[in-house]
Amino acid sequence: MAQVHSRWGFWMMYHRLRMLQFKDNHKRVYRIYTEMRLNLRRKHKRRLPARIRQPLVQPLHHNLTWSMDFMHDSLEQGKSFRSFNVIDDFNREALVIAIDTSLTSHRVTRELDKLVAWRGQPQFLRVDNGPEFIAQALADWAHGRNIQLTFIEKGKPHQNGYIERFNKTYRQEVLDSFAFDNLRQARLVTHAWMWIYNNERPHSSLGYRAPIDFLLKYGKLHHPQKDNAEFTTFQQDSNYDWNFIFSNATK
């Protein structure tokens, strides 16, 4: 009865049993009901507030709007993992791809703290309505830093088109192209790919420039919050041959 009528509560089931001529009293029926663990509260979908559609336009400068999203994949032996992706909408620069088996809202805020520490903070964070993004932990984090969370409308991923396009590229060029044995390998290849993506890969949306070249074109390599400091990008992380690492990491 519980399988067929999942929305029925105890008393409705009990009275239905009485209608079917079962004579057991409610105490005995309830004991069986709890032994079957049917008394546990079912989780219901959280009702979301109305989302106002925000136009997807390129920001006027860097560190104005970041977009964030999650992706899923699995290791060679079948163990699943997730990636937390953040890009700067101005020049589509990949800011972070954090990879782990679990990425909670608290983990998201820690990753954002590390990112803000070297990059500076944005004014807006564009996100979907995933559980990690609507969690109170992220809301408190953003409020404490005067950062506005910009939610897309439910079921409208195109409103977060910059990160969706980035996810497609990351899926095609990394996740679907390599079979990873462990998380360390996935992180290494991902980091190498990020450097190539930011510094060498031409982007059609940027006039076939790499994100770093797009910043240079507009003279945007000064740090927005520190005088006489260079703006932090992956260009500065050039002590390794990332192309060699990317092509040989899984051999």
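Everything below is about the structure shown above.
Residues numbered from 1 in each chain as written. Predicted model: local features only at pLDDT ≥ 70, side-chain atom pairs only at ≥ 80, totals over all residues. Heavy atoms only, no water.

**Quick word on the overall build of the chain**
At step 1: The helix and strand tally for the chain stands at eight helices and five strands.
At step 2: By residue count, 45% of the 251 residues in the chain fall in the buried class.
At step 3: Sequence separation of 24 or more characterises 62% of the internal contacts of the chain that already satisfy a separation of 6 or more.
At step 4: Element-wise, carbon and sulfur atoms account for 50% of the exposed surface of the chain, whose accessible area totals about 14,800 Å². (Helix = DSSP H or I, 4+ residues; strand = E, 2+ residues; numbered from the N terminus. Buried < 20%, exposed > 50% of the residue type's maximum accessible area, 1.4 Å probe, protein only. Contact = heavy atoms within 4.5 Å. Areas by Shrake-Rupley, 256 points an atom, 1.4 Å probe, with all protein chains shown as cover.)

**Quick notes on helix α6 (residues 183-199)**
At step 1: Taking 1.5 Å of rise per residue, the 17 residues of α6 would be expected to cover 24 Å, and the 24 Å separating its terminal C-alpha atoms lies within 8% of that figure.
At step 2: Counting buried positions along α6 yields 13 of 17 residues, so the element is predominantly enclosed.
At step 3: N-capping of α6 is provided by N182, with a side-chain oxygen placed 3.2 Å from the backbone N of R184. (Expected span 1.5 Å × (residues − 1). Polar contact = N/O pair within 3.5 Å; in protein donor to acceptor, adjacent residues only side chain to side chain.)

**Description of the sheet that holds strand β1 (residues 65-74)**
At step 1: In space, the five strands of this open sheet follow the order β3-β2-β1-β4-β5, with mixed pairing throughout. This sheet does not close on itself; its edge strands, each paired only once, are β3 (93-100) and β5 (148-151). For this sheet the average axis-to-axis angle between neighbouring strands, irrespective of direction, equals 25°.
At step 2: Pairing of β1 with strand β2 (residues 80-88) involves nine bridges; the strand directions are antiparallel. (Pairing = 2+ DSSP bridges. Axes fitted to C-alpha atoms, helices over the stretch in contact; angles between N-to-C directions.)

**Overview of helix α3 (residues 105-119)**
At step 1: The terminal C-alpha atoms of α3, which comprises 15 residues, lie 20 Å apart, in line with the 21 Å expected from a rise of 1.5 Å per residue.
At step 2: If you check which residues of α3 are buried, you get S105, R107, V108, T109, E111, L112, L115, V116 and R119.
At step 3: Buried-residue contacts for α3 involve β1, β2, β3, β4 (124-127) and α4 (136-144).

**As for the packing of helix α5 (residues 161-175) against α6**
At step 1: Between α5 and α6, the shortest axis-to-axis distance is 11 Å and the interhelical angle comes to 120°. With respect to α6, the axis of α5 lies oblique. In terms of crossing hand, the pair formed by α5 and α6 is right-handed. Every residue of α6 that contacts α5 at F166, T169, Y170, E173 and V174 is listed here: V189, T190, W193 and Y197.
At step 2: Its residues assigned to classes, the contact of α5 with α6 comprises six nonpolar, two polar and one charged. (Parallel < 35°, antiparallel > 145°, perpendicular 65-115°, else oblique. Left-handed = near helix turned anticlockwise from the far one by under 90°. Nonpolar A, V, L, I, M, F, W, Y, C, P; charged D, E, K, R; others polar.)

**Structural notes on the pattern of salt bridges**
At step 1: Under the definition given, this model contains 13 salt bridges.
At step 2: Of the charged contacts in the structure, one is a salt bridge between D73 and R171, with a shortest N-O distance of 2.9 Å. In this pair, D73 sits in strand β1 while R171 sits in helix α5, placing the two residues 98 residues apart along the sequence.
At step 3: A residue is classified by how much of its surface remains accessible, and D73, at 17% relative accessible area, is buried. (Salt bridge = Lys/Arg side-chain N within 4 Å of Asp/Glu carboxyl O.)

Limitation: the analysis is restricted to geometry and does not speak to function.
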